[in-house]
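Reading the structure
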Amino acid sequence: MCHAHKFGGSSVANAERIRNVAELLQSESRLPRIVVVSAMQGVTDALTALANAALSTKPWCCDWTTLREHQLRAARELGADDSVQVWLERELRTLHELLCAPSSRPEWFASVQGLGEVWSSRLLQVALGDEAAGWARLDARDVLVVRPGELGVGVNWDASRDKLATWCKAHRQPNVVITGFVARDDAGAITTLGRNGSDYSSAIFAVLFDAAELTIWTDVDGVLSADPRLVPDAVCLESMSYAEACELAYFGAKVLHPQTMAPAMQAGLPIRIRNTLNPAAPGTLIAETSQPAASPVKGLTLVSDMAVLELAGAGLIGVPGTAERMFAALHAEGVSVTMISQGSSEHSICCVVRADQIERGRAAILAAFRVAMANGQVEGVRVTTGISILAAVGDGMVGTPGVSARLFAGLAQAGVNIRAIAQGASERNISVAISAADATRGLRAVHSAFWLSPQTLSVGIIGPGNVGRALLAQLAQASAQRDGSNHGGLDLRLRAIANSRRMHLAQRALDPADAHALLDGGEVLDLDRFTAHVHAAHLPHAMIVDCSGSDAVAARYAGWLAAGIHVVTPNKQAGSGPLERWRAIRTATRRGGHFRYEATVGAGLPVIQTLRSQLDTGDELLEVDGVFSGTLAWLFNSFDGSEPFSRLVEKARALGYTEPDPRDDLSGTDVARKLVILAREAGRELSLEDVVVENLVPPALRDVSLEEFLARLHELDAPLQQRLDAARAQGRNLRYLARLDPDGHARVGLVAPEPGHASLHGRLSDNLIQFRTRRYADNPLVVQGPGAGPDVTAAGVFGDILAIAQMMIR
C-alpha cells in the first residue's frame, strides 16, 4: 500500500518550488509514493490562449517562444541533463506542430491544453533524481480511460486497471510521478478531465494504486472556516467529512471539487489538505466522518454575482406542476439554479441564479407562464439583482436545535436582511440569499456567531477629553491584562478617534494608549467620513462612543442607530434634549443598534440599570429624588458655616470636582438634565423646560466672563449663609436635591430636608438617588456612591460597551 500526493500549479510554479517539492517528498517516511502533478502555474492558461489564437488565426509564435523559454529555463535551473533538454525540445516542437495545424476536433484542443502536466511531471522526476533514484514517470494518457457523462467525466475503471497492471509490469521503481488532468476516452482519443482535473486525477490514481491516504498539497494550511480574504480570523479546520467538503465545494469554497472526492468517497480514501510552504502544519483531514467540534458549523462560504427570480400569483396556490414547469423552462434555456425557496402558502416560488443568466431565465419563465399571466393567475416575474448566497455547513447541525436561530441572530445583529432561505432535509446546510452590499459584513457576523472567530466590534470614540482619555486608558489597561487577546470572544477594535476639530482613522486598529496623540497630525473632522469608516462593510458590528457633550453629535444618534451602529455615551444632550429627537432615538433602537447611556446620570453607578430592572419586571415608579451631582454634594456636605461658600467653591475647583467654569455646576442645569433622563426612562414625556430649576448663581454673575465671576465669587456667600442659618434654626442642613413627584412635577434646587433624609448621611461627594415604586413605597430603593470624576464615568461607559458586547457573543 502506498501514499498518494498531489501538487498543484502554485506548488510547482518555478524551478525553486519544484526543488522544494522534491525535498519534501524525499523527507516523507511513508513509502512507496505516487505523486500526481499539475502544470506549472500559468502554463495551462498559456496553452489555452495559444490554442484559441491558433483556432482564430491570430498570431501565436511570440507567445509560444515565451512559453518555450519558460520551460527550458526551469529545466536548466533544475540541472537537467542533455537528454531531458532534448526531450523537452521535442515536446515543444510537438506543440508547435499542433498549433500549425489547428482543428475543431476536441482531441486537438485537449492535446494542446494537457501538455503542461506532461512537462511538469518530467521536471519533477528530474528534481527527484529520475529512475536511478527510484522514481518512474507515468503518462496518464497511457493508463487512464474516461468517458463523458451527463454529470461530468466518468472513469472506465476496468480498462484503467488493466492498463495500469500492464504499465506496472514494465516499471519496477517503487515511486511514481504521474501527469494530472489528461487521459484518453474509450476510443483512444486524448481528453482532459475538465475543471480541477488534476485533483480528480489524484483521487483516481490514489484509488487505482490502492493508496492508504491522499495528500493534496496547496498554498494554504488546510481547509479554512471561511475565505481569509473576507474573514481574516478564519481558522484552519482539523477535520471534515466528505459531505461537509462537498457542500462547501458546491457553494464555491476552495476546498475540493465534489467530482474530485467521488472516487475517494466510494473507496473510503482519506484526503488530507496540506501546505507546501508550511509542511509542518498538520492540515485538514477529509474522511467519511469528522472529529466533533465546538461549533455545529464547520465552514461558511459566499457565492457572489447572483440574482433572485421570483414567480408569484394567487393562481399558483395548490396547482400541481408549477415548480416543474418553472424549472423545466430554466433547464431548457441552460440556466443553472443554485438555490430554491418556496413558502408553504405556495403563493410564490423563487430561485437564485447566476447574475449573467438572469435575463435569459426571466424570459424563459415569462414564456412558460404567458397564458397564466394573461389570465391574471400569475402576477409576473420579479427580478432582484445584487445578491450573494451565504451558506453555513456542518455535520454538527444535524439534529441540533437553535442553529438557524444563531445564524439569523448573527445576521440581524449586523443589520443584514435575508431575502430567501433554503435548507435541505439533511440539515447539513443552511443557505440564505442576502444583499451583496451586506455580504462581507454578514459573513463575518455569522462566523463570529458560531464561535469560529471573535466577534469584531469596530469602535470610534468622539471627544477624548477628561472622560474620553480615562476611557482610552481603561481600554489600554484591559488589553494589556489580556496580553492583547480578545475579550471573551470579542475583538474590540478601536479604529477611529475624533475631537471637535480633527480625526484619525486607522485601517485596522489604534492602540488606545497613544490614540489621543495621533489627533495632533490628524485630518480635519468629517463626521460623515468618520461614521462610514467605523461602519465599514467588511466588519460585522460598529459602535460610536460619544464622550463629547456636543449637542450636534447627539443629533446624529438616531441616524447612527437606524443604520445599525451601536451608540454608547455619557453625553446628556440626547437623553434630555428635544423630545422629538428622543422619540426618534427610541424608535431607531427598536430595529437598529443598541443605545446605552448609563453614565449620563450616575457616572459609574447603575442608576438607569436599577430603574430599568424594576420597570421591566412590572414595577411602577412613583417618585424619585436625591443628590444628582457629586460636585454639589461635596459643596453642601462641606458647607457648615465655618468658612464662606465661595472658598469651598475655590477648593472644589482646585481639586477638580467642578467644571472649569463652576457656574456649569451651580446653575443646576446638569442636575435637571439627569432628572429628565430618569423621567423619560420611566415613560414620562418630560422636557428640560418643564423642570423648575434653582440657579445658585446670582443673575448679575450669570453672563460675565469666567475671570470676573471668579473675582466676584464672594457675592454668593451672604445669600447662601442666610439659607444655612434658616435651616440650622430648624435643626436642619442644606442639600441640593432633584425631585420628580408622583404627579410628574419636577424640581431641582436647594432644600433643607428632614433630619432622616438619606442625603444627610452620605459621604462627601456621593451621588444618592432614591426610587419610590409600588414595591418600594415605604422604604425607597437607594443607589449611592461616587457619581462624578473621569475615571468612574469612563468605567460606566466601558461597562456599557461590554454590556452590548455580551449581547453579541451570547
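Refer to the structure above for everything that follows.
First, a word on what this report is: a plain description of the structure on this page. Only a predicted model underlies this, so the values are computations on that prediction, with no experimental measurement involved. (Residues numbered from 1 in each chain as written. Predicted model: local features only at pLDDT ≥ 70, side-chain atom pairs only at ≥ 80, totals over all residues. Heavy atoms only, no water.)

Brief notes about the overall build of the protein chain
When helices and strands are counted, the protein chain shows 30 helices and 31 strands. Here the protein chain has a C-alpha radius of gyration of 37 Å; the compact-globule value for 810 residues is 28 Å, and the former is much larger. Seen through its C-alpha atoms, the protein chain measures out along the principal axes to roughly 120 × 70 × 50 Å. Within the span of the protein chain, comprising 810 residues, buried residues form 53% of the whole. Taking contacts inside the protein chain between residues at least 6 apart in sequence as the whole, the part at least 24 apart equals 72%. (Helix = DSSP H or I, 4+ residues; strand = E, 2+ residues; numbered from the N terminus. Rg over C-alpha atoms; globule rule 2.2 N^0.38 Å. Buried < 20%, exposed > 50% of the residue type's maximum accessible area, 1.4 Å probe, protein only. Contact = heavy atoms within 4.5 Å.)

What about the sheet that holds strand S29 (residues 746–751)?
Strand order in the open sheet made by the 6 strands is S27-S29-S28-S26-S30-S31, with mixed pairing throughout. In the strand order of this sheet, the two ends are held by strand S27 (691–693) and strand S31 (781–786), each with one partner. Between one strand and the next, the sheet's axes are offset by a mean angle of 15 degrees, whatever the strand orientation. Of the strand pairs in this sheet, strand S26 (residues 621–627) and strand S30 (residues 766–773) are connected by 6 bridges, and their pairing is antiparallel. Bridge pairing links Gly 626 to Ile 769 in S30. (Pairing = 2+ DSSP bridges. Axes fitted to C-alpha atoms, helices over the stretch in contact; angles between N-to-C directions.)

Quick look at the environment of Ser 304
With respect to the element layout, Ser 304 can be found in strand S13 (residues 299–312). Sequence-wise, Ser 304 and Pro 780 are 476 residues apart; in three dimensions their C-alpha atoms are separated by 59 Å. Ignoring any residue separated from it by four or fewer positions in sequence, one finds Ser 304 in contact with Ile 387 and Ser 388.

Describing unusual backbone geometry
In the Ramachandran plot, Asp 305 falls in the positive-phi region, its phi being about 55 degrees despite a non-glycine side chain. Unusually for a residue other than glycine, Ala 603 sits at a positive phi of about 55 degrees. Among the secondary structure elements, Ala 603 is positioned in the loop between helix H22 (599–602) and helix H23 (607–616). On the basis of relative accessibility, which here comes to 2%, the residue Ala 603 falls in the buried class.

A look at the packing of helix H2 (residues 43–55) against helix H5 (residues 106–113)
H5 packs onto H2 with a crossing angle of 140 degrees between their chain directions and a minimal axis gap of 8 Å. For the element pair H2 / H5, the angle class is oblique. The crossing of H2 and H5 is right-handed. Facing H2, whose interface residues are Thr 44, Leu 47, Thr 48, Ala 51, Asn 52, Ala 54 and Leu 55, H5 presents Trp 108, Phe 109, Val 112 and Gln 113. Class assignment of the residues belonging to the contact of H2 with H5 gives a composition of 7 nonpolar, 4 polar and no charged. (Parallel < 35°, antiparallel > 145°, perpendicular 65-115°, else oblique. Left-handed = near helix turned anticlockwise from the far one by under 90°. Nonpolar A, V, L, I, M, F, W, Y, C, P; charged D, E, K, R; others polar.)

Some points on the pairing of strand S21 (residues 502–505)
Alternating positions in S21 separate cleanly, Met 503 and Leu 505 being buried on one face and Arg 502 and His 504 remaining unburied on the opposite face. The loop that links strand S20 (residues 490–498) with its antiparallel partner S21 comprises 3 residues. Bridging between S21 and strand S22 (residues 523–524) involves 2 bridges; their strand directions are antiparallel. Bridge pairing links Met 503 to Glu 523 in S22.

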